[in-house]
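So the chains spell out like this:
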Protein chains: 2
Amino acid sequence: MSKQLAISGFPEWLPEQRIIENTILNQIRNKFELFGFLPMETRAVEPLSQLLKQGETDKEIYVLRRLQTDDEEDEAEFGLHFDLTVPLARYVQQYRGQLNFPLKRYQIQKVWRGERPQEGRYREFYQADIDVIGADTLPLHFDAEMPWLLYEVLKDLPIPQVHILINNRKLLEGYYRGLGIEDIVGVLRIVDKLDKIGEEGTLSLLVEQAGLSPDTAKQCLAIGHIQSDDTSFVDQVKSLGVRHELLDEGLDELAFVMTSLEDLPKGAVKVDLHIARGLDYYTGMVYEGFLQGHESLGAVCSGGRYDDLASSSGKNKMPGVGVSIGITRILGYLFSKGLLQASRKTPTCVLVALPSEEKRSLTRDSARQLRERGICCETYHLPQKYGKQIRYAERLGIPYVWFPETEEGNQQVRDIRLGEQSTADPASWMPPKEDLNVQIEYNDEVE
Amino acid sequence: MSKQLAISGFPEWLPEQRIIENTILNQIRNKFELFGFLPMETRAVEPLSQLLKQGETDKEIYVLRRLQTDDEEDEAEFGLHFDLTVPLARYVQQYRGQLNFPLKRYQIQKVWRGERPQEGRYREFYQADIDVIGADTLPLHFDAEMPWLLYEVLKDLPIPQVHILINNRKLLEGYYRGLGIEDIVGVLRIVDKLDKIGEEGTLSLLVEQAGLSPDTAKQCLAIGHIQSDDTSFVDQVKSLGVRHELLDEGLDELAFVMTSLEDLPKGAVKVDLHIARGLDYYTGMVYEGFLQGHESLGAVCSGGRYDDLASSSGKNKMPGVGVSIGITRILGYLFSKGLLQASRKTPTCVLVALPSEEKRSLTRDSARQLRERGICCETYHLPQKYGKQIRYAERLGIPYVWFPETEEGNQQVRDIRLGEQSTADPASWMPPKEDLNVQIEYNDEVE
């Protein structure tokens, strides 16, 4: 039954996993707002023309049609958005007059891609994005703010540490141009396969497909070996002996960003010149983040600077820079490895027992008093034996059962984990702080 | 430009409206959890066969296809869900062994219907649902809990008061059967049009389409005039002189629910026997809620008991009862009337000014200290004249601008609404509570 109803690539969680997802989404949302980003949400659909605008997209698009269409209507074709950046670009064009720039916005929504499902790759998944869009210009400071914000947001989540790698497209393009290469996109696309097909394979593709000399091909890859957690990459690149104006510009930008991030712990953000974000629309800085110790999962966050995406016709430049966190990729992976645990399967902290049908209003009243102090509680639905009511609480991991009427003529609360029961007043009793809300724990000792 | 990019029926909000929506969704979520409901989220798509299962659906479905399909694959057709109840029914079948019953879950998601857009009717909209699903049986207490929960959730939202009307399908069906009518669904469907086409029109349809005698048709409508805010409806129905076993069952259920709701303020929930929820899958209690003074908008929440929806093959009965709040219908209406206001256009409470490029780390440090106490703040991005920085804050309605360096050698904060500026310590300063987070105000004096 279960298999028959599942749809490959469309993950669903059990309620206790959804509690974890909700908690993490809330933490991210709060952090984004703490840094002054505006909430935004776009419709799930865009005109197909908008989705295909970038031309180079490798994203498989889901197209919509109405089951019962009226012949009279001549409707444009719509598709589900495959990211949150293309919709943002359209949104800022559409509402430009009502928005304030630089526009800092966050957006947490599901996106859809008709790709072949595999580990870490879904057809429906959550992304959490932040972007800053400027009117006409956008200072480079925002390019430095992005990896810094990623660090700030991710460091407090119950997930493995994320290390962030950064690079600059101008640097790469300038370097390639300095080598005399003209088909930059073609070469970038091949170099982007390095992690999948290895150095040998990449070299032969560069020679066979891109028509480079074996020497030039080797030089192409040489830059990708450069890494640093400070600005020492500048000298390393210069020592390769390639010169180009755009290369210098890229080096300057990347050095500026690294300098701006000096206050972060050493190694939180590293320069890695093999990061390119191949087919995407980036024009300057690019970012990728990986879970420490789980790099095989691939990037769990990524982004970059795009100078042209949100520009309507060329005269109204709207450059942007942003990053996207792959929530479902992270959670799907951690869930599958059993690394994330919730302290219970329900928000409920207290189950208020029902002594008898006649006492239903007493039960309800105790629950009401507890809720007034923000204690999540539910009332048991039938006057069954207390043993049965307690077992319901146990199955859900509810820590406390409340008895609104006892033989002693008072109200009592029982910690069912310890089996300890004591007199309590529904108007004042509070559980320990760690029991009030569901606790989420990342536990890497499971592996 | 703006018109060209909009898609009819797919509403989008400005960031300041999204702040309001987020706040309201959070309030609803917190209230649902306070009552012990589990969070759940289902994929956006269901197999078309699942969506059409109910047969009688009048919902227009959006079907998906991949733009680039592999010929090899023989994929089933999928559609976007048009409500959250059909997916819930499928979910509890699929995950039955991992769930605990009675299952109390809430679900807040977008749904899609390809209907012709008009006021209050969208093609993409948010619903906030709660349901309880039982294994084999589900006590009637939950049927009483639903309107009570609706009342509890809605009363604290910044929206007009919602009055909830309730009825019972068994009561209606029993009454019709007592009148000798056999095509219950056909008659229900016609009676459901009463509000749209009036009494005359309904009567003639009952005679012409359903083949009733004019007398029986009148009796059909007679029951629809009965309303009460207590159990007096029982005598009113009995005085109509119709007798049927199912009618008695419905009267008993409805009377039980009304008695259970005695603690609510008089009139919060009323019996109204013309509520039927025509084409839906309900088998017992039905509910509808309307915004007081804005009834023309139609129902803003609705629901009922369904004994068969979640049952897989007949042997595993999984009766349910639930209600759904039409978030987008409510907000779209209140936004269009200008009745909801946010106190500012951003979460930001404090803009930390940038005195000069050299002082960027000072600016950042003051912001960091403010954020440590949960104060949302952003740093200004360029060392422009203070007047320009203050105007940025004004445009977004940010109440405070922070100066990390002044001629007096200290830090100062300025309430830009009052123009008052004073010395302040970023390590301890707090804004008044009402300025800390965005305040949402429902203002019906605008009309």
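Now for a description of the structure that goes with this document. (Residues numbered from 1 in each chain as written. Chains lettered and ligands numbered in written order. Predicted model: local features only at pLDDT ≥ 70, side-chain atom pairs only at ≥ 80, totals over all residues. Heavy atoms only, no water.)

As for the state of the cysteines
Residue and element names in this part refer to chain B. Threshold: The disulfide criterion used throughout: a pair of cysteine sulfur atoms within 2.5 Å. Classification of residues uses two cut-offs on accessible area relative to the type maximum, computed with a 1.4 Å probe and protein chains only: under 20% is buried, over 50% is exposed, and between them is partly exposed.
Tallied over the entire structure, the rule returns 0 disulfides over all chains. In this structure cysteine 349 is not part of a disulfide, and its nearest cysteine sulfur, from cysteine 376, lies 7.6 Å away. Taking the relative accessible area as the measure of exposure, cysteine 349 reaches 0% and is therefore buried.

Some remarks on the environment of glutamate 119 of chain A
Residue and element names in this part refer to chain A. So the rule is basically this: Put simply, DSSP marks the helices as runs of H or I at least four residues long and the strands as runs of E at least two long, and each gets a number from the N terminus on.
Summarising the element assignment, glutamate 119 is placed in the loop between strand E5 (103-112) and strand E6 (124-133). Residue glutamate 119 is classed as exposed on the basis of its relative accessible area of 54%. Between the C-alpha atom of glutamate 119 and that of glycine 387, which follows or precedes it by 268 residues, the distance is 43 Å.

A look at the packing of helix H2 (residues 15-34) of chain B against helix H12 (residues 327-336) of chain B
All names here are of chain B. Inclusion rule: A fitted line through C-alpha atoms serves as each axis, taken over the contacting stretch for helices, and the angle formed by two N-to-C directions is quoted from 0 to 180°. Oblique is the label for any angle not covered by the other classes, which are roughly parallel (under 35 degrees), roughly antiparallel (over 145) and roughly perpendicular (65 to 115). Here a crossing is taken to be left-handed if its near helix is turned anticlockwise relative to the far helix by less than a right angle, and right-handed if that turn runs clockwise. It only takes one pair of heavy atoms within 4.5 Å for two residues to be counted as in contact. In this classification, Asp, Glu, Lys and Arg are treated as charged, Ala, Val, Leu, Ile, Met, Phe, Trp, Tyr, Cys and Pro as nonpolar, and every other residue, Gly included, as polar.
Taken N-terminus to C-terminus, the directions of H2 and H12 make an angle of 140°; their axes are 11 Å apart at the nearest point. What the angle tells us is that H2 and H12 run oblique. Two packed elements cross with a definite hand, and for H2 against H12 that hand is right-handed. Of the residues in H12, those in contact with Gln17, Ile20, Glu21, Ile24, Leu25 and Ile28 of H2 are Ile327, Leu331 and Phe335. The residue inventory of the contact of H2 with H12, partitioned by class, reads 7 nonpolar, 1 polar and 1 charged.

Focus on empty space enclosed by the protein
We count it as follows: The rule is simple: put a 1 Å grid over the protein atoms alone, call a set of points where a 1.4 Å probe fits but cannot get out a cavity, call an open set with protein on both sides within 12 Å along at least five of seven lines a pocket, and count a residue as lining if it has an atom within 4 Å of a point. Grid points are joined across faces, edges and corners, and a volume is the space filled by probe spheres set on the points.
By the definition in use, this model includes 14 cavities of 30 Å³ or more. Space inside the largest cavity adds up to approximately 470 Å³. Taken together, 28 residues make up the lining of the largest cavity; nearest its centre are Glu41, Ile108 and Tyr126 of chain A together with Glu41 and Tyr126 of chain B. Grouping the amino acids of the lining of the largest cavity by side-chain chemistry returns 12 nonpolar, 6 polar and 10 charged. In this structure, the second largest cavity occupies an estimated 160 Å³ of space. Lining the second largest cavity are 13 residues, with His141 and Glu145 of chain A together with Arg360, Arg364 and Thr379 of chain B sitting closest to its centre. Where the lining of the second largest cavity is concerned, the elements lending two or more residues are helix H5 (141-155) of chain A together with helix H13 (360-371) of chain B. Taken together, the residues of the lining of the second largest cavity break down into 5 nonpolar, 5 polar and 3 charged.

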